[in-house]
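# Chains, contacts and geometry: an overview
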Amino acid sequence: MPHLRLLFFILLLASLSDGLRAQATGNNYAHFFYVTDFQPGWEDLPETGREARNIGQVLESDYNFTVQYHREVEKADILQKIAEINSRKYGKNDQVLFFFSMHGHFDKSADRGYLVPADGKIPRLDAYGQTWLSYDDLGSYITKNPAEHVLLALDACYSGAFGDRYKGAPDALPWEGAGDCQQKAQLALQHDSRLYFSSGSREQRTPANSLFAKKWLEALRNGARTGLVTSRDLRYYLGGISYPTPEGGSFTSRHEAGGDFVFLHRSACQGSNSSDGTDAAEEQLWAQAQRLKTKEAYAFYLQAYPNGRYRAQAEAKIKVFEQGETITPSSTTRRRDLPDMLFVEGGTFQMGSSDSDAGSDEKPHTVTVDDFYLHRFEVTNSEFAEFLNAKGRHEYNGAEWYDLDDEDARIEQRSGTYTTKGSYGKHPVTEVTWYGAVAYCNWKSEALNLQPVYRISGTNVSADWNADGYRLPTEAEWEFAARSRGKDYKYAWGNGKPNGNIADESAKKENSGWTIWEGYDDGYPGTAPVGMFEQGTLGFSDLSGNVWEWCWDWYDSDYYKNSPSRNPRGPSTGSGRVLRGGSWYFEPAKLRCALRLGFTPGYSSSS
C-alpha cells in the first residue's frame, strides 16, 4: 500500500535579548480559543484558526509570550480550560491574555449576549441558550484568574454586550509622551487590571474575515518601532474600524484605576538611537531579516519601518521572492528537536531523469525547494492503528481511510478496537488511501496542538499552506530528500549496490516469476520493519523500497513542461495523486528517485 511521509514546518522569527524585559514585566501568557466548524445552521468560520495563529505567532516570537491554542472547543471545554488556567500560580506583574474567536449571539428578549461554542445549537433549537456561554458568565470566570493583569479579546458577533465601555476616543498617538519604554511598562503595571476589547457593539455582526484581528496584528507589528504596545495603543488602532465598531473597557471591581496590559517588544528597553543616528530597533529588525532571508521577514521589516533606511533593499528582496512560489510562511525552519523529524535544508536541483529507463513524464527541469522537516521513517501499523482508535472509525463521510477487508491488511478490528496483526506493529502501514494519509496528518497536528493543514469535507480536500501542522510532502520535496538534497542519485541509497527492501532473491523464492535485483537478498520477502535500511546522507530510511509513499500533488504526465521553478505543488485538479519510492514488490526500474505514478485517492494496496 502506498504510504505517507509527514512533513512539518514552522515559522520562526528569531528572538533577541530579553535581558531588560523581565525588569518591566513578569511572565506573559496568551490563550486562543477558536472554533471553525459549528453545528448545523451556523456558518463555518475557517478563518478563525489562521487569524488566531497569526496573532499568536507574533506574540510568541516578538513579545515573549507563552501561547496555547484551544481549537473546536465546546462549552464544557471552555469552562474546564479556564478553570485549569486559573488554577496555575502567577507571579508579580504576570499577564494573561484570553482571546476568543467564534460566533456570538445576542438575545434581545433576555438582554444578554453569548459566545457560541462548537456544540452551540441555533436559537430555534436552544431558546434558553443552554448550549451557549453568556458574556456575563465568561466575565465572572475570567476575572477569577489570579494574575495581576488580564486582558480579554472577543472576536465575535454582538460582543459589545460585555463589560463597561470606555467613553470617547484617544486624542493622541499612544506612544507620545515622556519616559523610556521600561519606565512606561512599570508605570502601566503598577495597578491590577481587568480589561477587554470586543470586535463590535451589542447589535453588530462581525465579518468572517476579521478586521478586528487584522488591527491587532497591525498594532503588534508596529511595536517593533515603538517598543511598547499598551491597551491605549490597541484602542487607537481598533478605532480605525468604522463598522462594526470595536469597543473596549474594564470589567469587574478587580480592575484598578490606571491599571493596564502591556506588550513589550523583544527589542525594547535596549537603547534607541546610537551615536551615528541609527535606530537600534530598526537595525536589529533588519539584521533579523538578513539572517532569515525570507519574504515574510523582509515584509515584516517594511511594516515596522515603511520609510526605513533599508526600504529599497527589502523591496528588492521581496520582488525576488515574488518571482517564485513560496511554500510556507518562512523558508528558514527552526532547527530544534522534533521526534524523528529530520531537517532538510532547501536548495536547487535537477528534478526528473533522462536515463534510458526514464518515462516521458520525467522530463528533467530545474526546481528550487525551501527548507522543511521530513519524518525519518515510514508510518507504522501501530501508529496508524492509534489514529484509527482515536477517531473510532476507518472511513468518514464517503472517504475510506483504510481497507480492513483486504486479506493483506495488517490492522484488524476486534470488539470495536483496531489492533495490529502478529508482529507487524513496526512494519510500515499498508492498505492506506490518500484520504487516510491526509486525515492522519490532521490528527497528528491536533494531538500536538498544531494547526491542521487540511480542510477536509468528504472527498474534497484543500490545504492551508500557512498552517503549522503536519502534511504530506510535495512531489518535489520528496524527490529532493530522496536524492539527499538533490544529488545525482538514481536510487535513494545512491548509484551503487542496493540497500533497501526491494524485489530480491528472498522474494523470488516465494514468487519465481518476479523480476528482481539479481544477486541481492535483503532478507524480507514482504515488508520490513521501518528503519532497517538507512539510505543516502540525510538519515532517512526506506525512501526507495519497502512501501510506496503518497505525496500531496495531483498527478499529470505533462506537469513538468510548465511547472513552477520554485516550490511546485502540482496541478490544481486531477484524477490521481502522486505515489513515489517503489516497494518490496517491485523491480529496480520502479525504485528510481525520479519515477512518478498516479493513482486515485481512494486506492490502496499491500505494497
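Residues numbered from 1 in each chain as written. Predicted model: local features only at pLDDT ≥ 70, side-chain atom pairs only at ≥ 80, totals over all residues. Heavy atoms only, no water.

## A look at the environment of Ser199
With respect to the element layout, Ser199 can be found in the loop between strand E11 (193-198) and helix H6 (211-226). Distance from Ser199 to Thr245, taken between C-alpha atoms, is 6.8 Å for residues 46 residues apart in sequence. Polar contacts involving the side chain of Ser199 include one to the main-chain carbonyl oxygen of Ala156, which spans 3.1 Å. (Helix = DSSP H or I, 4+ residues; strand = E, 2+ residues; numbered from the N terminus. Polar contact = N/O pair within 3.5 Å; in protein donor to acceptor, adjacent residues only side chain to side chain.)

## Describing the confidence of the model for the protein
Residue-level pLDDT values for the protein average 81, and 81% of them are 70 or greater. Per-residue pLDDT stays below 50 along residues 163-179; that stretch engages in 39 contacts with residues further than four places along the chain or on separate chains. The model gives residues 270-275 a pLDDT under 50, and that stretch makes eight contacts with residues more than four places away or in other chains. (pLDDT = per-residue confidence, 0-100. Contact = heavy atoms within 4.5 Å.)

## Section: the packing of aromatic side chains
This structure, assessed with the given rule, holds 33 aromatic pairs. Aromatic pair Phe32 and Phe99: ring centres 5.2 Å apart, planes at 35 degrees, arrangement tilted. In this pair, Phe32 is assigned in strand E3 (residues 28-34) and Phe99 in strand E5 (residues 95-101), connecting sequence segments 67 residues apart. Like Phe99, Phe32 is buried. Geometrically, the ring pair formed by Phe387 and Tyr440 is edge-to-face, given 5.6 Å between the ring centres and 80 degrees between the ring planes. One end of the pair, Phe387, is in helix H11 (residues 381-391); the other, Tyr440, is in helix H12 (residues 434-447), with 53 residues separating them in the sequence. Like Tyr440, Phe387 is buried. One aromatic cluster in this structure is built from Phe32, Tyr63, Phe65, Tyr69, Phe99, Phe212, Trp216, Phe261 and Phe263. (Phe/Tyr/Trp six-rings, centres within 6.5 Å; stacked < 30°, edge-to-face > 60°. Buried < 20%, exposed > 50% of the residue type's maximum accessible area, 1.4 Å probe, protein only.)

## Some details on the layout of surface pockets
Roughly 1200 Å³ of volume is contained in the largest pocket. Contributing to the lining of the largest pocket are 38 residues, with Asp37, Arg71, Glu72, Asn442 and Glu446 lying nearest its centre. Elements represented by at least two residues in the lining of the largest pocket include exactly helix H2 (47-62), strand E4 (65-71), H12, strand E23 (454-457) and strand E24 (460-463). Ranked by the residues each element gives to the lining of the largest pocket, the list is headed by H12, at six residues. (1 Å grid on protein atoms, 1.4 Å probe; cavity = no way out; pocket = protein on both sides within 12 Å on 5 of 7 lines; lining within 4 Å. Points joined across faces, edges and corners; volume = space filled by probe spheres on them.)

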